[in-house]
Structure formats: structure tokens, C-alpha cells
Amino acid sequence: MAGEELPGVLIPGVGGAQGVLENIAALLERHFHLITMKEFLENQQESSRKIQAVFVFEGRPSIDRQLLQSLPRVKVIGNCGVGVDHLDVQMISAFGVKVTNTPRAVADPTADLGMALLLASARRVVEGNFVFHWLGAELLLWHVS
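In this report, we go over the structure that sits alongside the text. (Residues numbered from 1 in each chain as written. Predicted model: local features only at pLDDT ≥ 70, side-chain atom pairs only at ≥ 80, totals over all residues. Heavy atoms only, no water.)

## Let's talk about the pairing of strand 3 (residues 51–57)
For strand 3, a buried count of 7 out of 7 residues is recorded, marking the element as mostly surrounded by other parts of the structure. Inspection of the sheet shows strand 1 (residues 8–11) paired to strand 3 by 3 bridges, in the parallel sense. Directly across from Gly-8, in strand 3, lies its bridge partner Ile-51. Where strand 3 lies against strand 4 (residues 76–80), 5 bridges are found, and the strand directions are parallel. Along strand 4, the bridge assignment pairs Phe-55 with Gly-78. (Buried < 20%, exposed > 50% of the residue type's maximum accessible area, 1.4 Å probe, protein only. Helix = DSSP H or I, 4+ residues; strand = E, 2+ residues; numbered from the N terminus. Pairing = 2+ DSSP bridges.)

See below:
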């Protein structure tokens, strides 16, 4: 967007326990001007004019009526995750704001984990691991046939 200011996106923060992962923030910075929740709260009047999107990461920031009323230019709320159960989609839609998520982002890893758990259960892997660690080196001396 040469010569134009990037649209603002509200994020919980960058890094740490409460923020967006740094690699995700770097990706977002290609397309948006990042405004953290802290920056927004410190300068709400100016920031609210710039924010056109909200990026929800691990349920933060919490989207409520008060937040939406303070963001008159917001057009979309993007949830970094599969579901939107934690978002009041009806209330958000009443503000004319779209909600999006990543519905198939973890489908393959979930299937892989499910298969791994089935195989581990069928082959008693967890029990075998416990016995191995409980008996320690003595188990290595046994002949397994």
C-alpha cells in the first residue's frame, strides 16, 4: 500500500504469556499497523479511528459491546482458532462487523493425535513405558520373545 497508511488491527500484545506469537505478529505487520490493547487503552480516541480489524488470539482481547462501541471503523474480527463459541456473533453482527476463524487449521493434527492415541491404547504403549521406567535398567537384561 505505497503512500497509504496500513489499516489498524487491534491485538492483545506481542509475545509473553498474553500476546500474539512473534511470528504471527510479523505476518500481520505485512498487512496491518499493529495496535496493542495497551496502546489502545492509553490513547483510545486516536487509536479507535485507525482500527479496522481485531485479531483475537487465545480468547484475547475479549469482544464485548463496550469495545465495539469504542471502535466505530472496525469491519472484521478474526479469531486465530477453530471455534467462535467465545464470541457473541449475534451481538457483533448487530454492529455490522464480520467474524471469521480458521475452521480446518488443526484438522490433520487432530486426526493424527487421535490415531496415535488409538494405537497407543491398542498396543499398551503407556503401560509399557511405565513398566520400563519403573524397572529401569533391569528390563534391559530380560530377553523379550
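Following the structure, the description resumes.
## Regarding the pattern of salt bridges
According to the stated counting rule, one finds 3 salt bridges in the structure shown. Here Glu-46 makes a salt bridge to Lys-50, at a shortest N to O gap of 3.2 Å. Here Glu-46 and its partner Lys-50 are both found in helix 3 (residues 44–50), 4 residues apart, which amounts to about one turn of the helix. Judged by its relative accessible area of 35%, Glu-46 is partly exposed. You can call Lys-50 partly exposed: its relative accessible area is 28%. A salt bridge links Arg-124 to Glu-127; the nearest nitrogen and oxygen atoms lie 2.7 Å apart. (Salt bridge = Lys/Arg side-chain N within 4 Å of Asp/Glu carboxyl O.)

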